[in-house]
Amino acid sequence: MNRTLQNGILAIGALSAPLLVEYLSATPGHVPGDGLDVLLYKPFDFAYILLVTGLFLAVNIRCSVVDRGSTGRGFFIAVALAIVWFIVTFLALGQLHLSLGGKL
């Protein structure tokens, strides 16, 4: 698999976890689901973000080594993708929260 496909699969898979938690844990009586808690606070602060960033690092550095490229380039690609992933996930989670009837 090439780098783009691996990163795409990782990003979509990592995006789906907090969205599913938010969607499945929100009930009419308990509108704010637990998706934001999973993204930012559970089991400790920023655990999920660190996990996904580590996975992006592993995938991109491995791809750089296989392609005989610079590991520094793989590192910077991974960090950039992790930042973009977090922004997209945070916005999608906020939008889902609002569409389920939550408040900001």
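In case you missed it, the structure is sitting above this.
Each value, and the rule that gives it
Residues numbered from 1 in each chain as written. Predicted model: local features only at pLDDT ≥ 70, side-chain atom pairs only at ≥ 80, totals over all residues. Heavy atoms only, no water. Helix = DSSP H or I, 4+ residues; strand = E, 2+ residues; numbered from the N terminus. Buried < 20%, exposed > 50% of the residue type's maximum accessible area, 1.4 Å probe, protein only. Contact = heavy atoms within 4.5 Å. Patch = residues over 30% accessible without salt bridge, like charges linked within 9 Å, V, L, I, M, F, W, Y side chains within 5 Å. Areas by Shrake-Rupley, 256 points an atom, 1.4 Å probe, with all protein chains shown as cover. Salt bridge = Lys/Arg side-chain N within 4 Å of Asp/Glu carboxyl O. Expected span 1.5 Å × (residues − 1). Phe/Tyr/Trp six-rings, centres within 6.5 Å; stacked < 30°, edge-to-face > 60°. Core = buried A, V, L, I, M, F, W, Y, C linked by side-chain atoms within 4.5 Å.

Engineer: Pulling in residues and values, what's your account of the environment of Lys103?
Structural biologist: Residue placement: Lys103 occurs in the segment after helix 4 (71–99). A residue is classified by how much of its surface remains accessible, and Lys103, at 73% relative accessible area, is exposed. Ignoring sequence-local partners within four residues, the contact set of Lys103 consists of His97 and Leu98.

Engineer: Before we move on, can you summarise a nonpolar patch on the surface with the specific residues and values?
Structural biologist: Taken together, the side chains of Leu20, Tyr23, Leu24 and Leu100 define a hydrophobic patch exposed on the protein surface, amounting to about 420 Å² of accessible area. Take Leu20: it is sitting in helix 1 (residues 3–25).

Engineer: Give a description of helix 1 that names residues and reports values.
Structural biologist: Across its 23 residues, helix 1 extends 34 Å between first and last C-alpha, which sits within 8% of the 33 Å expected from 1.5 Å per residue. Within helix 1, burial applies to Arg3, Gln6, Asn7, Leu10, Ala14, Pro18, Glu22 and Ser25. Buried-residue contacts for helix 1 involve helix 2 (35–40), helix 3 (47–66) and helix 4.

Engineer: Explain the packing of aromatic side chains to me, using residue names and the numbers behind them.
Structural biologist: Tallied over the entire structure, the rule returns 3 aromatic pairs. Aromatic side chains Tyr48 and Trp85 sit 5.9 Å apart centroid to centroid with 50 degrees between the ring planes, which places their arrangement in the tilted category. Placement of the pair is Tyr48 in helix 3 and Trp85 in helix 4, with a sequence separation of 37 residues. Between Phe75 and Phe76, the aromatic rings sit 5.5 Å apart at their centres with planes inclined by 75 degrees, giving edge-to-face as the arrangement. The class of Phe76 is exposed, set by a relative accessible area of 59%.

Engineer: If you had to explain the nonpolar core to someone new, which residues and values would you point to?
Structural biologist: Membership of the largest hydrophobic core comes to 14 residues, with the highest contact counts inside it found for Ala14, Leu39, Tyr48, Ile49, Val52, Phe56 and Trp85. For this core, the secondary-structure elements that each account for two or more residues are helix 1, helix 2, helix 3 and helix 4. Looking at which element gives the most residues to this core, the answer is helix 3, with 6 residues. Apart from residues lying up to four places away in sequence, Ile49 is in contact with Leu39, Leu40, Trp85 and Phe86.

Engineer: So what about the environment of Ala82? Which residues, and what values?
Structural biologist: As for its placement among the helices and strands, Ala82 is situated in helix 4. For Ala82, a relative accessible area of 7% corresponds to the buried category. Taking the C-alpha atoms as reference, Ala82 lies 25 Å from Ser25; in sequence the two are 57 residues apart. Those residues in contact with Ala82 that lie beyond four places of it in its chain are Thr53 and Phe56.

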